[in-house]
Amino acid sequence: YQRRVREFPRLMSLLSDELVQKQENRSPSQTQNPPANSTPEKFAVILKEVKKLEIEAVPYPPKPPEGYVTIRIVVVGVCGADVNYYSLGHCGPYWTSGPLILGHECCGRVIEIGDGVTLLQKGDRVAVEPGVPCGYCNICKCGRYNLCPEMSFMATPPVNGALVHYLSYPADFCFVCYLCSLFAYLIFVMERKLFR
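Because the structure is a prediction, the values reported are computed rather than measured. (Residues numbered from 1 in each chain as written. Predicted model: local features only at pLDDT ≥ 70, side-chain atom pairs only at ≥ 80, totals over all residues. Heavy atoms only, no water.)

Caption draft 1: Here's a closer look at the overall build of the protein chain. Helix and strand content of the protein chain: four helices and twelve strands. Each of the 196 residues in the protein chain was classed as buried or not, and the buried ones make up 36%. Pairs at least 24 residues apart make up 67% of the contacts formed inside the protein chain by residues separated by at least 6 positions. As displayed, the protein chain offers around 12,300 Å² of accessible surface, 57% of which is attributable to carbon and sulfur atoms. (Helix = DSSP H or I, 4+ residues; strand = E, 2+ residues; numbered from the N terminus. Buried < 20%, exposed > 50% of the residue type's maximum accessible area, 1.4 Å probe, protein only. Contact = heavy atoms within 4.5 Å. Areas by Shrake-Rupley, 256 points an atom, 1.4 Å probe, with all protein chains shown as cover.)

Caption draft 2: Representation of the pattern of salt bridges in the model. In the structure shown here, the tally under the stated rule is two salt bridges. Measuring nitrogen to oxygen at the nearest pair gives 2.6 Å for the salt bridge that ties Lys-48 to Glu-56. The salt bridge involving Lys-52 is made with Glu-54; its shortest N-O contact spans 3.4 Å. With a relative accessible area of 27%, Glu-54 lands in the partly exposed category. (Salt bridge = Lys/Arg side-chain N within 4 Å of Asp/Glu carboxyl O.)

Caption draft 3: Just the sheet that holds strand 12 (residues 174–176), in detail. Strand order in the open sheet formed by five strands is 11-3-7-8-12, with antiparallel pairing between adjacent strands. Pairing within the sheet leaves two strands with one partner each, and these edge strands are strand 11 (166–170) and strand 12. When strand polarity is set aside, the average angle formed by the axes of neighbouring strands in this sheet is 45 degrees. In this structure, strand 8 (residues 125–128) lies alongside strand 12, joined through three bridges in antiparallel fashion. The partner of Ala-127 across the bridge, within strand 12, is Phe-175. (Pairing = 2+ DSSP bridges. Axes fitted to C-alpha atoms, helices over the stretch in contact; angles between N-to-C directions.)

Caption draft 4: Geometry of the sheet that holds strand 1 (residues 42–49). Read across the sheet, three strands follow the order 2-1-6 without closing on themselves; strand pairing throughout is antiparallel. Because the sheet does not close on itself, it has two edges, and the strands there are strand 2 (52–58) and strand 6 (100–101). Of the strand pairs in this sheet, strand 1 and strand 6 are connected by two bridges, and their pairing is antiparallel. Bridging across to strand 6, Ile-46 finds its partner in Ile-101.

Caption draft 5: Structural view of the packing of aromatic side chains. For the structure shown, the criterion picks out two aromatic pairs. Geometrically, the ring pair formed by Tyr-60 and Tyr-166 is edge-to-face, given 4.8 Å between the ring centres and 70 degrees between the ring planes. You can see Tyr-60 sitting in the loop between strand 2 and strand 3 (68–77) and its partner Tyr-166 sitting in strand 11, a full 106 residues away along the chain. Comparing Tyr-60 with Tyr-166 shows no difference in burial state: the two are buried. Centre to centre, the rings of Tyr-145 and Phe-173 are 5.6 Å apart; their planes meet at 65 degrees, and the pair counts as edge-to-face. With Tyr-145 in the loop between helix 3 (138–141) and strand 10 (152–153) and Phe-173 in the loop between strand 11 and strand 12, this residue pair connects regions lying 28 residues apart in the sequence. (Phe/Tyr/Trp six-rings, centres within 6.5 Å; stacked < 30°, edge-to-face > 60°.)

Caption draft 6: Structural context of the environment of Val-75. Tracing the chain through its elements places Val-75 in strand 3. Linking Val-75 and Gly-108, residues 33 residues apart in sequence, is a C-alpha distance of 6.6 Å. Look past the residues within four positions of Val-75 in its chain and what remains in contact with it is Glu-105, Cys-106 and Cys-107.

Caption draft 7: Layout of the side chain of Thr-70. Tracing the backbone shows Thr-70 in strand 3. Residues in contact with Thr-70, not counting those within four places in the same chain, are Tyr-60, Pro-61, Pro-62, Pro-64, Arg-109, Val-110, Ile-111, Glu-112, Tyr-166, Leu-167 and Ser-168.

Caption draft 8: Focus on the environment of Gly-103. Along the chain, the position of Gly-103 falls in the loop between strand 6 and strand 7 (105–113). Assessed through its relative accessible area of 0%, Gly-103 is described here as buried. A sequence separation of 27 residues divides Gly-103 from Val-76, and the C-alpha atoms of the two residues are 6.3 Å apart.

Caption draft 9: Structural context of the nonpolar core. Val-69, Ile-71, Leu-120, Tyr-169 and Cys-174 are the most contacted members of the largest nonpolar core, which has 32 residues in total. Every element with two or more residues in this core is listed here: strand 1, strand 2, strand 3, helix 2 (80–88), strand 6, strand 7, strand 8 and strand 11. The element best represented in this core is strand 1, accounting for five residues. Setting aside chain neighbours within four positions, we find Leu-120 in contact with Val-69, Val-110, Ile-113, Val-126, Ala-171, Cys-174 and Val-176. (Core = buried A, V, L, I, M, F, W, Y, C linked by side-chain atoms within 4.5 Å.)

The following block contains the structure:
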């Protein structure tokens with residue numbers, strides 16, 4: 001397992017170099033946030049088969065449906081599950097049977113809001129809860145949605161993950177990152193007072 005974990009960052013580094021090359025071949029206007037009337041190109045890191053990842057252009061998500069938001073992904077963590085899918089083709093009882101976009105530990109910025117979304121605004125920095133429960137079973141209704149037996153989890157077949165530029169996701173499972181800003185400010189203030 002440790003060998004698999006060590007080789008994955010090297011592979012991601014190679015993939016990021018390939019992505020930079022693809023982005024450099026585009027004009028500067030294509031790299032900014034997309035205008036509302038255009039469909040920009042976006043890229044995804046797709047696991048094609050065991051130990052074979054490819055970067056492919058995929059379509060920009062359509063206008064988010066009711067209760068959903070579109071997020072421009074900023075950061076995606078690489079989890080042990082991602083490493084297992086890459087190196088073994090499975091994680092626990094879940095096997096990949098076709099192409100799969102990896103990554104489920106992510107955060108980004110909201111760029112579009114669907115109808116009925118009231119708690120998020122354009123520009124909000126959000127952390128994404130990777131598991132979406134059914135919302136109807138007794139476990140969900142008791143408030144323990146993380147134990148839902150019908151959980152739909154990002155980057156677990158057949159659900160794609162977050163190693164993409166843009167992600168359409170249920171707004172109820174996107175959480176504004178207020179604490180990150182607060183902690184950054186507190187550290188800034190403390191450093192100024194301590195190191196004067």
